[in-house]
Amino acid sequence: MGIGSSAAVLVVEDEPLVRTMAAEIIMDAGYRVFEACDGSDALTILEGRDDIAAVFTDIEMPGMSGLDLAASIRGQWPTIAVLVTSGRIRPGAGMLPEGADFIPKPYMPSDMIARIAALMGADQSE
């Protein structure tokens, strides 16, 4: 799976407006985007696709938290990059799975894209 315009990113956010904004930022950067409203929806999408290179998820969602989702992704799909975000929660040491990163809300679009690209670049080097 290559890096660049062919890479797909899954945006997981329960707030529709925030999810749409994040998806548009990522699409504008040249990535294909899929959207999920919660962790369960995200896992269903991931189980049905093999082209998702990165997941951008909020921490606070109903049901499965973004941190639990990140851990599940790392366990089942270790090559998928994971970027976690929140406006209220700052994950402490050991809360994020190895290889995942955190960006606080509000984030600059360029910072979010740079983090996603860096994570995918690191994960794609295997």
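The structure under discussion appears in the preceding block.
Residues numbered from 1 in each chain as written. Predicted model: local features only at pLDDT ≥ 70, side-chain atom pairs only at ≥ 80, totals over all residues. Heavy atoms only, no water.

## As for the pattern of salt bridges
In total, this model carries seven salt bridges according to the counting rule given. A salt bridge links Lys-105 to Glu-13; the shortest N-O distance between them is 3.0 Å. Taken as a pair, Lys-105 in the loop between β5 (101–104) and α4 (109–123) and Glu-13 in the loop between β1 (8–12) and α1 (16–28) lie far apart in primary sequence, 92 residues in all. Owing to a relative accessible area of 22%, Lys-105 belongs among the partly exposed residues under this scheme. Arg-88 is paired through a salt bridge with Glu-60; the nearest N and O atoms lie 2.9 Å apart. You can see Arg-88 sitting in the loop between β4 (81–86) and β5 and its partner Glu-60 sitting in the loop between β3 (52–58) and α3 (66–76), a full 28 residues away along the chain. Members of the salt-bridge network, linked through shared partners, are Glu-13, Asp-58 and Lys-105. (Salt bridge = Lys/Arg side-chain N within 4 Å of Asp/Glu carboxyl O. Helix = DSSP H or I, 4+ residues; strand = E, 2+ residues; numbered from the N terminus. Buried < 20%, exposed > 50% of the residue type's maximum accessible area, 1.4 Å probe, protein only.)

## Some remarks on the packing of aromatic side chains
Applying the stated criterion across every chain yields a total of one aromatic pair. Where Phe-56 meets Tyr-107, the ring centres are 5.5 Å apart and the plane angle is 85°; that geometry is what we call edge-to-face. Of this pair, Phe-56 sits in strand β3 while Tyr-107 sits in the loop between β5 and α4; the two residues are 51 residues apart in sequence, bridging distant segments of the chain. You can call Phe-56 buried: its relative accessible area is 3%. When its relative accessible area of 17% is taken as the criterion, Tyr-107 is described as buried. (Phe/Tyr/Trp six-rings, centres within 6.5 Å; stacked < 30°, edge-to-face > 60°.)

## Thoughts on helix α2 (residues 39–48)
Every buried residue of α2 is accounted for by Gly-39, Ala-42, Leu-43, Ile-45 and Leu-46. Seen along its axis, α2 keeps its buried residues to an arc of 160°; they face one direction. Opposite its buried face, α2 presents the exposed residues Thr-44, Glu-47 and Gly-48, each directed more than 90 degrees away. Buried residues along α2 sit in contact with β1, β2 (32–36), β3 and α3. Structurally, the start of α2 carries an N-cap: the backbone nitrogen of Ser-40 is 3.2 Å from a side-chain oxygen of Asp-38. (Arc of directions from axis to C-beta. Contact = heavy atoms within 4.5 Å. Polar contact = N/O pair within 3.5 Å; in protein donor to acceptor, adjacent residues only side chain to side chain.)

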